[in-house]
Amino acid sequence: MMEEEKEMHMTNQDYYQSSETQQSQEPGIEEAQPKGEVKISEEVISQMAIEALKSVPGVLPASSGLVANLRLGRRTSSGVKITIEEGAPNEVIVDTYISVKYGLRIPDIAWDVQEAIKNQIENYTGYTVKAVNVHVQGIHFTENKSQSQDLINP
């Protein structure tokens, strides 16, 4: 009886192997490959950059300046401006406008901002970050005071 089970098992295995080779040899059958493109909005990438910016201690988003307030340039939100260059792979340029807490070394903070934003965008989107430009537009003395002033004077 054991021999019959072995033969039955072998024949089932042989059957599956032979059907797999037949399918791969048939010219009209192809595996379904997903087709199309995935495009990620500038607003989505901007939100990722803002979250990365907020994760750096001693940094607050600042206004992007007069040009953005007059709506003469590309749209900015919360101190971040995104430019996507189409290609293979897509490349992203990020301009950040920040306020740094008084007493912190600005070049170190700028480096931390660049690394945080670059890692966040590349890990979650698959896009390549070409540049992260950091524009330090001011300093603040305490985070609570500047956040409450931002709420009063947006």
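That block above? That's the structure.
The numbers attached to residues start from 1 for each chain and follow its sequence in the written order. A pLDDT threshold of at least 70 governs which residues receive local features in this predicted model, and a stricter bar of 80 or more applies before side-chain atom pairs are shown or counted, although totals over entire chains, interfaces and linings include all residues. The side-chain numbers reported here are obtained from all heavy atoms of the structure, hydrogens and water having been left aside.

Each helix corresponds to a stretch of at least 4 residues labelled H or I by DSSP, and each strand to a stretch of at least 2 residues labelled E; elements are numbered beginning at the N terminus. A tally of regular secondary structure across the protein chain gives five helices and four strands. Long-range contacts, defined as pairs at least 24 residues apart, comprise 69% of the intrachain contacts of the protein chain with a sequence gap of at least 6. We get accessible surface area from the Shrake-Rupley algorithm with a probe of 1.4 Å; when it comes to residues, only the shown protein chains can shield them. Just so you have it, the protein chain exposes about 11300 Å², and 51% of that area is on carbon and sulfur atoms. Only heavy atoms matter for contacts: two residues are in contact if any of them lie within 4.5 Å across the pair.

On to the pairing of strand β4 (residues 128–140). When DSSP locates at least two bridges between a pair of strands, those strands are taken to pair. Taken together, the 11 bridges between strand β3 (residues 91–101) and β4 define a ladder with parallel strand orientation. In the sheet register, K101 faces β4, and the bridge partner there is H140. As a crossover connection, the stretch from β3 through helix α4 (residues 106–125) into β4 is right-handed. Look down the strands so they point away from you; if the path from the first strand over the helix to the second goes clockwise, the crossover is right-handed.

Moving on, we come to α4. Given a rise of 1.5 Å per residue, 20 residues ought to cover 28 Å, and the 28 Å separating the end C-alpha atoms of α4 matches this to within 8%. Summary of the burial criterion: residues with accessible area below 20% of their type's maximum are buried, those above 50% are exposed, and those between are partly exposed, where the area comes from a 1.4 Å probe applied to protein chains only. Inspection of α4 places I109, A110, V113, A116, I117, I121 and T125 among the buried residues, and these make up the whole buried set. End-on view of α4: buried residues confined to an arc of 130 degrees, all on one side of the axis. Opposite the buried face of α4, by more than 90 degrees, sit the exposed residues P107, W111 and N123. Taken together, the buried residues of α4 touch α2 (42–54), β1 (59–61), β3 and β4. Take the number of residues in a helix, subtract one, and multiply by 1.5 Å to get its expected span. As used here, the arc is the angular range of directions from the helix axis to the C-beta atoms.

This part is about the environment of V100. Note on placement: V100 falls in strand β3. When its relative accessible area of 1% is taken as the criterion, V100 is described as buried. For V100 and F141, which are 41 residues apart along the polypeptide, the C-alpha to C-alpha distance reads 8.6 Å. Those residues in contact with V100 that lie beyond four places of it in its chain are G58, I106, I109, V136, G138, I139 and H140.

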